[in-house]
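Results of the structural survey
As a plain string of letters, each chain reads:
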Amino acid sequence: MKEIKPDALIISDPGMFTIARKVCPEIEIHISTQANNTNYQTCLFWHELGAKRVVCARELSLGEIAEIRAHIPQEMEIEAFVHGAMCISYSGRCLLSAFLTGRDANQGECTHPCRWNYALMEEKRPGEYFPVEENERGTYLFNSRDLCMIGHIPELCGAGIDSFKIEGRMKTVLYVATVTRAYRRALDDYFADPALYEKNREWYQEEVEKCTHRPYATGFFFGKPGAEIQIYESSTYVNDCVYLGTVQEVTGGMARITQKNKFCVGDAIQVIKPDGRNISVKVSAMYDETMEPVESCPHSRQTIWLKLSQEPEQYDILRTIPETLSC
């Protein structure tokens, strides 16, 4: 890590913190939410050891974060989760995925077993499953809503938060691009003029609704949540948009992508730009990797060349609404 020179290291273990301070003291150290950062004395402890930033626990309210801000040095930064899946475990310290699937949540590979459907089995009756039914679909004991605070930028900034953390574990490029772009624009608009933020608030919300997500909630920010933060009906996602691919290069008016979902010549799709623009275009022609014309791209991860009604740029992302697909 010393050779790679990242912007910072996110650490939760004091032993690892000590090693990092000795090996690469020039690299900032940020304290992970898994260190249970719930009060200003904890933040002061890490600050005295040399930490630059603390990622506060997801279980804190805006009032509690503001209290921390008031009792720590100004140069000590506060980072807070503002969007994404809400982990059922305190401060995100969960071992379910590693235990059940061998994929460790603490290494970015969570399979979200908290979203699965569960039943009970009594010790002396192996193989006999007792359903724990909340409704006719079964039960989802640990299934929480997703966090979304894009409609509360003034409150987040007012609490003294320096950095917004967006949960992107196991998410698509489309998800990460859409959500971060929406929050970036919301922040820029708010700091330019709070009235501009209010004017565009509906656009921000519409954008994050287009991502694959579960119904949204505001987590712990406005007080300890009750049963309303759980989803008892199912573990399915809301999916308003389909990810088609990212433009890898543009040559002679043709855009090359690696296909993510099937679409056809003649379909109306959207090109999303980093600056916030969404441009509606039509697929005029489609060619496979040998430049043979095709009418659709049905094969996963297929290399496709596209002729669109308006030429895109490299790294533009292509998406569409499912009902607009003709195939």
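So, here is what we can say about the structure in this document. Keep in mind the model is a prediction, meaning the values are calculated, not measured. (Residues numbered from 1 in each chain as written. Predicted model: local features only at pLDDT ≥ 70, side-chain atom pairs only at ≥ 80, totals over all residues. Heavy atoms only, no water.)

Considering the packing of helix α2 (residues 40–49) against helix α3 (residues 62–71)
Contact geometry of α2 with α3 gives a least axis separation of 9 Å together with a crossing angle of 40°. Judged by the angle between their axes, α2 and α3 are oblique. In this structure, the crossing between α2 and α3 has a hand that is right-handed. Residue-level contacts link Y40, C43 and L44 of α2 to E67, I68 and H71 of α3. Considered class by class, the residues forming the contact of α2 with α3 number 4 nonpolar, 1 polar and 1 charged. (Axes fitted to C-alpha atoms, helices over the stretch in contact; angles between N-to-C directions. Helix = DSSP H or I, 4+ residues; strand = E, 2+ residues; numbered from the N terminus. Parallel < 35°, antiparallel > 145°, perpendicular 65-115°, else oblique. Left-handed = near helix turned anticlockwise from the far one by under 90°. Contact = heavy atoms within 4.5 Å. Nonpolar A, V, L, I, M, F, W, Y, C, P; charged D, E, K, R; others polar.)

Some points on the sheet that holds strand β14 (residues 278–287)
Here 7 strands make up an open sheet; going across it, the order is β10-β16-β13-β14-β15-β12-β11 and the pairing antiparallel. Strands with a single pairing partner mark the edges of an open sheet, and in this sheet they are β10 (242–246) and β11 (249–251). This sheet shows a mean twist of 40° between the axes of neighbouring strands, independent of strand direction. For strand β13 (residues 268–272) and strand β16 (residues 317–320), the ladder comprises 3 bridges, and the chain directions are antiparallel. In the sheet register, Q270 faces β16, and the bridge partner there is R319. Along the sheet face, helix α6 (residues 173–192) touches β10, β13, β14 and β16 and points at about 95° away from the line of β16. (Pairing = 2+ DSSP bridges.)

Here we look at unusual backbone geometry
For N36, which is not glycine, the phi dihedral falls at a positive 60°. Along the chain, N36 turns up in the loop between β2 (28–31) and α2. Even without being glycine, M291 reaches a positive phi, approximately 70°. Take M291: it is sitting in the loop between β14 and β15 (303–308).

As for the nonpolar core
By size, the foremost hydrophobic cluster in this structure holds 50 residues, and its most contacted members are I153, L156 and Y183. For this core, the element with the highest residue contribution is α6, accounting for 7 residues. Sequence-distant contacts of Y183, that is, excluding residues within four places in its chain, are made with V82, H83, C148, M149, I150, I153, F164, I166 and V208. (Core = buried A, V, L, I, M, F, W, Y, C linked by side-chain atoms within 4.5 Å. Buried < 20%, exposed > 50% of the residue type's maximum accessible area, 1.4 Å probe, protein only.)

Some details on a nonpolar patch on the surface
Taken together, M16, I19 and V23 make up a surface patch of nonpolar side chains, about 280 Å² in accessible area. Its location among the elements puts V23 in helix α1 (residues 14–23). Look at V23 and you get partly exposed, because its relative accessible area is 45%. (Patch = residues over 30% accessible without salt bridge, like charges linked within 9 Å, V, L, I, M, F, W, Y side chains within 5 Å. Areas by Shrake-Rupley, 256 points an atom, 1.4 Å probe, with all protein chains shown as cover. Salt bridge = Lys/Arg side-chain N within 4 Å of Asp/Glu carboxyl O.)

A word on the packing of α6 against helix α7 (residues 194–209)
Axes are the key here: two packed helices are described by the angle between their axes and the distance separating the axes. The interhelical angle for the contact between α6 and α7, taken along N-to-C directions, is 170°, at an axis separation of 8 Å. Judged on the interaxial angle alone, α7 and α6 are roughly antiparallel. The residues of α7 that touch α6, namely those facing T178, R181, A182, Y183, R185, A186, D189 and Y190, are P194, L196, Y197, N200, W203, Y204, E207 and V208.

Considerations on the side chain of N37
Relative to the elements of secondary structure, N37 occurs in the loop between β2 and α2. You can call N37 buried: its relative accessible area is 0%. Reaching out from N37, the side chain makes a polar contact with the backbone oxygen of V55 at a distance of 2.9 Å. (Polar contact = N/O pair within 3.5 Å; in protein donor to acceptor, adjacent residues only side chain to side chain.)

A word on the pairing of strand β4 (residues 77–85)
Sheet faces and side chains relate simply in a regular strand, where the side chains alternate between the two faces. Counting buried positions along β4 yields 9 of 9 residues, so the element is predominantly enclosed. Sheet topology places strand β3 (residues 53–55) next to β4; 3 bridges connect them, and they run parallel. Bridge pairing in β4 links V54 to I78. With α3 bridging β3 and its parallel neighbour β4, the resulting β-α-β unit is right-handed. Alignment of β4 against strand β8 (residues 163–166), held across 4 bridges, turns out to be parallel. Looking at β8, one finds that F81 is bridged to K165. As paired elements, β4 and strand β7 (residues 146–148) share 3 bridges and run antiparallel to each other. (Right-handed = clockwise from strand over helix to strand, strands pointing away.)

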